[in-house]
Amino acid sequence: MSLLQRHPVTKDYKGRNVNQLVSSMNYLKRLVGVLLTGTISVVSTNGLVLAEGAEQFFTVGTDSDGVPFKLDTQTMGKKDRKFGEVLKIYQLKNDLMFEYMLHASCGDERLWTVGYRIYNSAGKKISEEKEGDKEIPAHGDSPGSTAMKYYCQAINARGW
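The rules behind each value
- Residues numbered from 1 in each chain as written.
- Predicted model: local features only at pLDDT ≥ 70, side-chain atom pairs only at ≥ 80, totals over all residues.
- Heavy atoms only, no water.
- Salt bridge = Lys/Arg side-chain N within 4 Å of Asp/Glu carboxyl O.
- Helix = DSSP H or I, 4+ residues; strand = E, 2+ residues; numbered from the N terminus.
- Buried < 20%, exposed > 50% of the residue type's maximum accessible area, 1.4 Å probe, protein only.
- Disulfide = S-S within 2.5 Å.

A.B. asks: An account of the pattern of salt bridges is requested, with residue identities and associated values reported.
C.D. replies: Going through the model one piece at a time under the given rule, you end up with ten salt bridges. In this structure, K93 engages D65 in a salt bridge whose closest nitrogen and oxygen atoms are separated by 3.0 Å. One end of the pair, K93, is in strand β9 (residues 87-93); the other, D65, is in the loop between β5 (57-62) and β6 (68-72), and 28 residues separate them in sequence. The exposure class of D65 is exposed, given its relative accessible area of 56%. Between D80 and K88 there is a salt bridge; the shortest N-O distance is 3.0 Å. The exposure class assigned to D80 is buried, which follows from its relative accessible area of 7%. The exposure class of K88 is buried, given its relative accessible area of 15%. Residues participating in the shared-partner salt-bridge network are D80, K82, K88, E99, R117, K125 and E128.

A.B. asks: Can you break down the state of the cysteines residue by residue, with the values?
C.D. replies: All chains considered together, the criterion is met by one disulfide. For C106, the disulfide goes to C152, at an S-S distance of 2.0 Å. In this structure, the disulfide formed by C106 and C152 twists by about -90° around the S-S bond and is classed as left-handed. Of the two residues, C106 is situated in the loop between β10 (96-105) and β11 (110-119) and C152 in helix α3 (residues 143-154); the sequence distance between them amounts to 46 residues. As far as burial versus exposure is concerned, C106 and C152 are alike and both buried.

This is the structure in structure tokens:
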């Protein structure tokens, strides 16, 4: 099971019900929801391309419940303090925001999950895990491989 398929949400966090923690704070959820509603609709005949002035979040797939995964197009390939150069994919689910970090090597056509963070609706990080570069398929229609395709085409990587 890949990192993008499992959601390590627990009913209890440090003796407090997660639902109670997030139910009273909806500001960030609404703000992120508004930000995540935008999608980029620029499509070329050979794939996706990054258009100048494109919106920040691009839908790269959905889970089995139809909840979308969104690629942050403005931070892709930039260095994250703890995870290195990554693609960040977000998902809002159960009043939580999941941030998945992937490392893509366009030239080698390889993709790795490097970790994730979970935030409550107030924007407070409630969980973070760094994984040891777990390789996942770089091709196909998973959110990770779609994000990699978008990224590699955006930077004009050879072969993409």
